Protein chains: 4
Amino acid sequence: MANSKYEYVKLYEQSDTLLPNTWLVVRIDGRSFHRFSNRYNFAKPNDRRALDLMNSAAKAVMNEISDIILGYGVSDEYRSVNEKKFQKLHKKTFFQKFLVLRRISFVFHKSCALFDRRSRYTLQSIFPCLLFNPNKLVSTVVSTFTAYYVHFWSNFFIDTPLSPPLPSFDGRIIQYPSIENLRDYMSWRQVDCEHSASSHINNLYNTTFWSLIQLGGLDAATAEKELSGTLSADKNEILFSRFKINYNNEPEIYKKGSVIYHNYELIDATTTCRVTDENSVQIGGLQISKAEEEKNRKRKVKAGIILQHLDIIKDEFWVKRPWLISNKPGKIIKVQ
Amino acid sequence: MANSKYEYVKLYEQSDTLLPNTWLVVRIDGRSFHRFSNRYNFAKPNDRRALDLMNSAAKAVMNEISDIILGYGVSDEYRSVNEKKFQKLHKKTFFQKFLVLRRISFVFHKSCALFDRRSRYTLQSIFPCLLFNPNKLVSTVVSTFTAYYVHFWSNFFIDTPLSPPLPSFDGRIIQYPSIENLRDYMSWRQVDCEHSASSHINNLYNTTFWSLIQLGGLDAATAEKELSGTLSADKNEILFSRFKINYNNEPEIYKKGSVIYHNYELIDATTTCRVTDENSVQIGGLQISKAEEEKNRKRKVKAGIILQHLDIIKDEFWVKRPWLISNKPGKIIKVQ
Amino acid sequence: MANSKYEYVKLYEQSDTLLPNTWLVVRIDGRSFHRFSNRYNFAKPNDRRALDLMNSAAKAVMNEISDIILGYGVSDEYRSVNEKKFQKLHKKTFFQKFLVLRRISFVFHKSCALFDRRSRYTLQSIFPCLLFNPNKLVSTVVSTFTAYYVHFWSNFFIDTPLSPPLPSFDGRIIQYPSIENLRDYMSWRQVDCEHSASSHINNLYNTTFWSLIQLGGLDAATAEKELSGTLSADKNEILFSRFKINYNNEPEIYKKGSVIYHNYELIDATTTCRVTDENSVQIGGLQISKAEEEKNRKRKVKAGIILQHLDIIKDEFWVKRPWLISNKPGKIIKVQ
Amino acid sequence: MANSKYEYVKLYEQSDTLLPNTWLVVRIDGRSFHRFSNRYNFAKPNDRRALDLMNSAAKAVMNEISDIILGYGVSDEYRSVNEKKFQKLHKKTFFQKFLVLRRISFVFHKSCALFDRRSRYTLQSIFPCLLFNPNKLVSTVVSTFTAYYVHFWSNFFIDTPLSPPLPSFDGRIIQYPSIENLRDYMSWRQVDCEHSASSHINNLYNTTFWSLIQLGGLDAATAEKELSGTLSADKNEILFSRFKINYNNEPEIYKKGSVIYHNYELIDATTTCRVTDENSVQIGGLQISKAEEEKNRKRKVKAGIILQHLDIIKDEFWVKRPWLISNKPGKIIKVQ
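Bear in mind that the values here come from a model prediction, so they are computed numbers and not experimental data. Once a new chain begins, its residue numbering starts again from 1 and follows that chain's sequence as written. Naming scheme: in the order in which they are written, chains are lettered from A and ligands are numbered from 1. At least 70 in pLDDT is required for a residue's local features to be given in this predicted model, at least 80 for side-chain atom pairs to be given and counted, and no such filter applies to totals for whole chains, interfaces and linings, which use all residues. Just so you know, side-chain values use all the structure's heavy atoms and leave hydrogens and water out.

S.K.: Describe the overall build of chain A, naming the residues involved and giving the relevant values.
M.R.: Within chain A one finds 15 helices and six strands. Of the contacts made within chain A by residues no fewer than 6 positions apart, 82% connect residues no fewer than 24 positions apart. Surface accessibility of chain A: about 13,700 Å² in total, with carbon and sulfur atoms responsible for 52%. Only DSSP runs of H or I reaching four residues or more are called helices, and only runs of E reaching two or more are called strands; each is numbered from the N terminus. Contacts are assigned to residue pairs with any non-hydrogen atoms lying within 4.5 Å of each other. In this description, accessible areas are obtained by the Shrake-Rupley approach with a 1.4 Å probe, and a residue is regarded as covered only by the protein chains that are shown.

S.K.: I'd like to hear about the packing of helix H9 (residues 203–214) of chain C against helix H11 (residues 232–243) of chain C, residue by residue, with values.
M.R.: Residue and element names in this part refer to chain C. Contact pair H9 / H11: the axes reach a minimum separation of 10 Å and the direction vectors enclose 35 degrees. Helix-helix and strand crossings are classified by hand; for H9 and H11 the assignment is left-handed. Counting all contacts with H9, which are made through Leu 204, Tyr 205, Thr 207, Thr 208, Ser 211 and Leu 212, the residues of H11 involved are Ser 232, Lys 235, Asn 236, Ile 238, Leu 239, Arg 242 and Phe 243. In this classification, Asp, Glu, Lys and Arg are treated as charged, Ala, Val, Leu, Ile, Met, Phe, Trp, Tyr, Cys and Pro as nonpolar, and every other residue, Gly included, as polar. Grouping the constituent residues of the contact of H9 with H11 by class yields six nonpolar, five polar and two charged. Here an axis means a line fitted to C-alpha atoms, over the contact stretch when the element is a helix, while the angle between two N-to-C directions is reported on a 0 to 180 degree scale. A clockwise turn of the near helix away from the far one marks a right-handed crossing, whereas an anticlockwise turn of less than a right angle marks a left-handed crossing.

S.K.: Just give me the short version of the pairing of strand E1 (residues 23–30) of chain D, but keep the residues and values in it.
M.R.: All names here are of chain D. Between buried and exposed lies partly exposed: a residue is buried under 20% and exposed over 50% of the maximum accessible area for its type, with that area taken using a 1.4 Å probe on protein chains only. Of all eight residues in E1, eight are buried; the element is thus mostly enclosed. Should DSSP find at least two bridges between two strands, the strands are regarded as paired. By the bridge criterion, eight bridges tie E1 to strand E4 (residues 169–176) in an arrangement that is antiparallel. Note that in E4 the partner of Val 25 across the bridge is Ile 174.

S.K.: So, unusual backbone geometry: which residues are in play, and what are the values?
M.R.: Residue Pro 164 of chain A is joined to Pro 165 of chain A through a cis peptide bond whose omega torsion reads -5 degrees. When you line up the elements, Pro 165 of chain A lands in the loop between helix H7 (134–156) and strand E4 (169–176). Of note in this structure, Ser 32 of chain B is not a glycine but carries a positive phi near 50 degrees. Positionally, Ser 32 of chain B belongs in the loop between strand E1 (23–30) and helix H2 (33–39). Judged by its relative accessible area of 23%, Ser 32 of chain B is partly exposed. Its identity is not glycine, yet Lys 244 of chain C carries a phi of approximately 55 degrees, on the positive side. By the element assignment, Lys 244 of chain C lies in the loop between H11 and helix H12 (252–256).

S.K.: Got a sec to walk through the packing of aromatic side chains? Specific residues and values, please.
M.R.: Classification of ring pairs rests on two measures: the distance between centres of Phe, Tyr or Trp rings, Trp counted by its six-membered ring, which must be within 6.5 Å, and the angle between planes, read as stacked under 30 degrees, edge-to-face over 60 and tilted in between. Within the structure shown, the criterion is met by 91 aromatic pairs over all chains. For the pair Tyr 148 of chain A and Phe 152 of chain A, a centre-to-centre distance of 5.4 Å together with 50 degrees between the ring planes defines the contact as tilted. Of the two residues, Tyr 148 of chain A and Phe 152 of chain A both sit in helix H7, four residues apart, roughly one turn of that helix. Tyr 148 of chain A sits in the buried class, given a relative accessible area of 3%. Note on Phe 317 of chain B and Trp 318 of chain B: the rings are 5.3 Å apart at their centroids and 85 degrees apart in plane angle, and the pair reads as edge-to-face. With respect to burial, Phe 317 of chain B and Trp 318 of chain B carry one shared label: buried. Here a set of aromatic residues connected by ring pairs shows up, and it is made of Phe 33, Phe 36, Tyr 40, Phe 42, Phe 106, Phe 145, Tyr 149, Trp 153, Phe 157 and Phe 169 of chain A.

S.K.: Explain H7 of chain A residue by residue, including any values.
M.R.: Count 3.6 residues to each turn of an α-helix, and residues three or four apart come out pointing the same way. Residues and elements named next belong to chain A. One less than the residue count of a helix, multiplied by 1.5 Å, gives the span that helix is expected to have. Over its 23 residues, H7 extends 32 Å from the first C-alpha to the last, a length consistent with the 33 Å expected when each residue adds 1.5 Å. For a residue, the bend is simply the angle between two axes, fitted respectively to the seven-residue segment ending there and the seven-residue segment starting there. At Val 150, H7 is bent by approximately 30 degrees, the largest bend along its length. Counting buried residues along H7, 18 of its 23 residues qualify, which places the element largely inside the surrounding structure.

S.K.: How would you sum up helix H8 (residues 203–214) of chain D? Please name residues and give values.
M.R.: All names here are of chain D. Helix length check: H8 (twelve residues) gives 16 Å between terminal C-alpha atoms against 16 Å at 1.5 Å per residue, within 8%. Counted residue by residue, H8 has eleven buried out of twelve residues, so it is predominantly covered. Of all the positions in H8, only Asn 203, Leu 204, Tyr 205, Asn 206, Thr 207, Thr 208, Phe 209, Trp 210, Ser 211, Leu 212 and Ile 213 are classed as buried.

S.K.: Tell me what's going on with the side chain of Asn 55 of chain C, and back it up with residues and numbers.
M.R.: Residue and element names in this part refer to chain C. By the secondary structure assignment, Asn 55 is in helix H3 (residues 48–64). Classification of Asn 55 as buried rests on a relative accessible area of 3%. With residues up to four places along the chain from it excluded, the contact list for Asn 55 reads Arg 102, Ile 253, Ser 258, Ile 260 and Leu 307.

S.K.: Tell me about the UniProt feature "binding site: GTP" (unreviewed entry) in chain A, and name the residues and values.
M.R.: Residues and elements named next belong to chain A. UniProt positions are given in the numbering used here, feature names are shortened, and annotations may be inferred rather than shown by experiment. Under the UniProt annotation, "binding site: GTP" (unreviewed entry) lies at Asp 29, Gly 30, Arg 31, Ser 32, Phe 33, His 34, Ser 75 and Asp 76. Along the chain, Asp 29 turns up in strand E1 (residues 23–30). Within the secondary structure layout, Phe 33 lies in helix H2 (residues 33–39).

S.K.: Please set out the pattern of salt bridges residue by residue, giving values where relevant.
M.R.: Residues and elements named next belong to chain B. By convention in these notes, a salt bridge is any Lys or Arg side-chain nitrogen within 4 Å of a carboxyl oxygen on Asp or Glu. As enumerated under the stated definition, the model contains 32 salt bridges over all chains in all. Between Asp 29 and Arg 103 there is a salt bridge, with its nearest N and O atoms 3.1 Å apart. Here Asp 29 is found in strand E1, whereas its partner Arg 103 is found in strand E3 (residues 101–108), with 74 residues between them in sequence. By the burial criterion, Asp 29 is buried, and Arg 103 matches it.

S.K.: How would you explain the environment of Ser 232 of chain A if you had to name every residue and give the values?
M.R.: Mapped onto the secondary structure, Ser 232 of chain A falls in helix H11 (residues 232–243). A relative accessible area of 30% places Ser 232 of chain A in the partly exposed class.

S.K.: Outline the environment of Leu 212 of chain D, supporting the account with residue identities and numerical values.
M.R.: Residue and element names in this part refer to chain D. Mapping Leu 212 onto the fold places it in helix H8. The class for Leu 212 is buried, based on a relative accessible area of 0%. In this structure the C-alpha to C-alpha distance between Leu 212 and Asn 263, which are 51 residues apart in sequence, comes to 40 Å. Residues contacting Leu 212, with those up to four places away along its chain left out, are Gly 217, Leu 218, Ala 223, Glu 226, Leu 227, Ile 238, Arg 242 and Phe 243.

S.K.: Give me the confidence of the model for chain A: which residues, what numbers.
M.R.: Residues and elements named next belong to chain A. pLDDT is a residue-level measure of predictor confidence that goes from 0 to 100. Looking at chain A as a whole, its pLDDT mean stands at 79, while 75% of the residues score no less than 70. Note on residues 281–286: pLDDT under 50 across the span, and 23 contacts to partners over four residues away in sequence or across chains. Both scores are available for the predicted complex, with the pTM at 0.87 and the ipTM at 0.85.

S.K.: Report on the environment of Asp 67 of chain B, specifying residues and quantitative values.
M.R.: Along the chain, Asp 67 of chain B falls in the loop between helix H3 (48–64) and strand E2 (68–76). Distance in space between the C-alpha atoms of Asp 67 of chain B and Thr 146 of chain B is 18 Å, their sequence separation being 79 residues.

Below, the structure written as C-alpha cells:
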C-alpha cells in the first residue's frame, strides 16, 4: 500500500487527555485587543457596543455547545506575558490603562462526559468528551466564539465595517476537581473585576482614572500618579467630590461583569441547602438514559439563555440555581 | 487583600509545554462540515467556492502569523471518532461520501522559538513561543482562521448569506523532531488526498463515485457497491470509458491539494543539496540579532504568499525552496 | 561564562504537573515477575514468604513517606501489554496462570499539597508537592519500595540469596477527583482480587486451578479447559467435592488482599456519617499551622502502621476510620 | 458482571506519551543524600567507595536495560527546589558544601522505539517503547538502579551494614530532538562537574574548599568566605601554594565524571566524519529484522560495558565511538 510508508507519522499525535469528573473552564481572551480597541476607537473605560457584542457571541456559543452550563465575562486590561516583561523593562505601566476588553470563562459541568455526544448516534457505551484532546475542546469553543464575534460585528458597530487584521481570540483550559474550587475561581474573577484592592486592574480604578482624564483634563501619567496608593474609599471620594459621580450608581454590567446561564425558574433562597459536589451527578453513579438526555437537551433550548449582572460570590446565586451544580434541568418559567 | 483568598485557583492552570526544536504542525478541521456543506449546497465532489474561501482564509492566517512557513490543505471527508463508531454500528458507510471539505495543516519552523515575539518589545532574552501553552497556540491559529472564513464568506458565496449555526473549526498540534518526519507527514497528507490505494478517501474515488451518480444516474449505494474492490486503474477506466473523463486532466487543485508559502525566488533544482535538519538553524547555535530578525520579517511581507498545487512528496519541491528548511529568507523575485 | 553556552538544554525539561486537590494513587508492579517467581520457586498459587516480603516493604514505604494514607496490595498475574498481544497471537493463555505476584497501590490524600515539605524548612508559602513532576513522585515511591524489597529479602527467603538479575518494579500514577472515585478504584482492585466473575484473574480461580494440578494431578492445559466457563459456585464445588477444600476457610490474606494504614482507634460504626469529600480538608480552605502539621506527623509515627485483610468495599471500613478521608489524625490506641 | 460497576475508574489512567524519534535522558538523583552521606560518614569532598558503588549500579542497569546506550555520572551537591528556597530565606548556603553525591544520566537512543521489546515475543508490529507511559520508563530505570545500589552496598561499605532509612533515588525524563541538543546536555553536565566558572558547584571548588578545612584548619564559613569571588586560577593557586596540591594531578574520576558505554573497538579519530542525526537510524526509514535485532543485542552483551573518565564535550569522543549515534553495533575488540 502506497500509504503505509508515511502513515507512521500518526504515532506522533500525542493525546493529552482531560481528567474525568472535573469542572472544566475554558477561558478565552482577546488577542492584541489594545491595538484592536484603539483602531476601532472603543469608548473608555467601557465601550458598551463592544461589551454587548462579546455577550452576544458568548450567548451564541452556549446555544451551540449545550454542555456549557455557565459563562462569565469581565472587562479586563490586556496583559500578556510579554507585556508584563515589557512593562518591567520600560517602567511603562500607564499605557495599559488605555484599554479595556473582555475575557470570558465558559464552564462545562464535571459530569458532561456522561452525556456528551452519545445521543447523536445511539451509541450505548459512554463516550467521554473529557477524554478528548484538550486542544480540540478549547479550539472548538474559541472558533465558535470568533465566528459569532465577526458575524455579529455589524449589528453593534453599525457604521464601522470590520477590516483586516481581524479580531481573534486565544483560549486555555483549567480543570477544577471540586465545586468549591470552581466557585473560588468564579469569585476570583468577579473580585478582580469589581473592587480588587490588591491591583489596579478593576472597574473602580478605571472609572476614576478615565474621569480624571476625560472630565478632569489630566494626562495619563498625572492621573496614574494621582491614583497611586489610593484605596477604594479614596477613589470613591475622588469620583464623588470632583465629578459628582456616585460609583454605586454605575451600571452593574461594568461592576459585576456578565453572567450567562440557562434561564430556569429560580428556587426559593430560604432553602438553605448546601452547595456541594454531593448534589451533582457522579460519574460511575447515576446514568441517565438517552431518551432522558435528549429530553434534557430540549428543555435547555426551551429555557433559553439569560444574561445578568449579579453577585456570583455569595451562596445565594448558586442556591437559587441548583441546576448549575446538579446538571439536572430546572423548571421552565411559565409565561404569565 | 480581598483577592488573596481566591487566588490559589491559579495553581490549577497546568502548563503543558511544547518541546523546543521540533517542527510544529497545527492542523485545523471543519466541524460538522457534512451538515454545513449540505445546508449551503456545496457542489460535489468538489466545491470550488468553498475551496477558494478556505485558501483565502489560510493565506490570511499566514499573513498574520508570520512564523508559519507552510500551509497545506486537502479535500477530505468528515470522519469524527463518533461517526466511525456510528458507521460500524449501522453499517452505513456510504453517506460519508456525500461530503467533501478541507483540512489545513500549518507548519511552524522548529527554530521559531528563537525569533518569536522578541522583536516586539526589545526583550533581549530568548522568549520561546514553544514553551507556551499548546492550547494558546492552537486556539490562536484556529481563531484567526475562523475570523477570516466568516469575514470572506460573502466574497465567495455571493448570494448566500451566512446564518447561524455558523461554521467553526477545531485544531490539534503535532510535534515532529526531524525534517524527515515533517516531510513524511506532508507526504502522508498528499498521498491521502490524491491516490491512496489503501482507502476510499481520495479524490480519484470521489470523482468516480460522483460521476457514477451525477452522470451515470446511479444511486449512492449502487455507486458504492460498483466501486468496491476497484483499484486506481479500474477507476480511471470507469471514468474514461463511461464518461469520457481523463482523470489526468482534472484540475490540479483537486488532485494535489493546495500549498501555501512565502514566494521567494526558486533555487535551481540541479543543485543536489540534501534536505536535512543540518541546513536549518539550531537552537542554542546561531542566534540572529533583533535587527536581522526584523529585516527577515519585512522580507517575508515583501515576498508575499503564493498558493500552488504541486507535488510536495518529491525532493524537488524542498530543494527549490530552501527557505522552508533553513528559515532564512530567500531572494525577492524581481518584477521584470 | 563557560556554562551558559550549554545551559539552554534546561528548557527541554518539561514539567507535567499533577492537578491539586485530587486523590493520588501510585500503583507499583513487579517487572517480569513470572520469570522472577519461577527462578526463586515461588509456591503456587500463593507464596506466603513473597507476600510477607511485599507487605514489609510496603509498610516501610509508608513509614518513610508519611503523606501516604493507605496502601493496598493484591496478588495478581503478570500481564504486560506485550504479553496480552503475545497470548492473542499464540493462543496461549494458560502459562499466565503459573505465576502470582503482588501489585500495590499507595494513596496520597488529596490535601497533601498543603502539608508537604513545608515543615522541613519553615517556608511560609504553600509548597505543593502536587505541582511536582509526577515522574519524581512515582520514582520516589518505586525506589523506596525497591530498596526495602531487596534489603528485606533475606529475612523472608532465608536460604535463598538474591542474585542478578535483581527484582525491580515500575509505577504509574492516577488522579481521582472525588472520594467516590477513589473508593471505586479500591473496590475495583479488591473485586478483581477476590471473586471477579468477569475474569480468570482472581484467587478463587487460581486456588481451583492449582488444586486441580497439585492435588488432582492434571496438567495446566487440562485444568484450564476444565475451568473454562465455570462460575464461582462451580469452582467452590470443585474445591469442596474433589479436594475437601472449603474456600471460605482459605486465609483472608489471599482472598481480601492486604490493607495498610495508620493504626488509630476505630470509630463506632453505628455512627452513620456519610463518607464524602465534604469531610476532608479543602485546599484554599482550612490551612493548618506548621506546628500542628508537625504534631500530626509525630502522631502518625506514634500510631504506627497496621496491616489487615478486610473488606474495603463496604462503607464500614471507611466510616470506622475517618482519618483516611479527613487526613486529621485519629485517637492513639491506649495500651491496656 | 460484578466488576463492571467499578471498572470505569480505568478511564482516569492518563497516558502521557513520549515523542517518538527523540533522544531520551533519564536522570536519577539520590534523595536526601546529604543526610545519607553524613550518616555513613562519606569522605569529603569525594568518597571513592560511594562513587564506585554508584558506578557499579549504573553498569548493572545498562546490562539489564540494553536500550540504554550511554550513562554519565557526576558528583554533585544536593539541591532540591526546597533547599534553594531555604537558602534564599536563611542566607545559609555554606552547609550545602558539606555533601557530595552522584547524579547519573542514562541515554536511550532516539530509535529505540524500533527495536524495543519486539524481539521478545515475535510480535511483527512495531512496539514503540517511546509511546509508553514516561512514568513507567523512569520508574523502571530508577527501580533497577536502586535494587543494585542496595544489593552491592556491602561490596563497597564492607564494615558498615545498611540500615533504615534506606537510600533511595528519584528520576526525571528529558527528550532531546537532535544529537546537537543531546551533546549539549552531556557537555553541560560535564562542564558543571569540572570547572564551571559560573557556579560554586564543581570539583575544583569542592577540592579547594575541603582542603582549606581539612588541611588548612578553617571552618566552613571562613573557607566559604575565602573562596568567594575567586576564579579558577585563584583556586588552583590556593591549592598549590598552601597545600602543594596540583589540581591537574587529581584523579580523572573526580574531574571528568564517569562515562559508561558498550565497549566496541574505537574508530580512528582522523576520520573527520561529522556527528549528526543523519548518521543515525530514522524511524520510518530503515527497519531491521527481528533476527538482526537479536544479533545486535547479543553483540552488545559480548562487547561488555566499559567505564571511563574522559572528555565527552569534544568531537573526538563521539567520532571514535560511532555506535553511540548510529545505534549500529561496533566491532568486537579482539583479545590479543
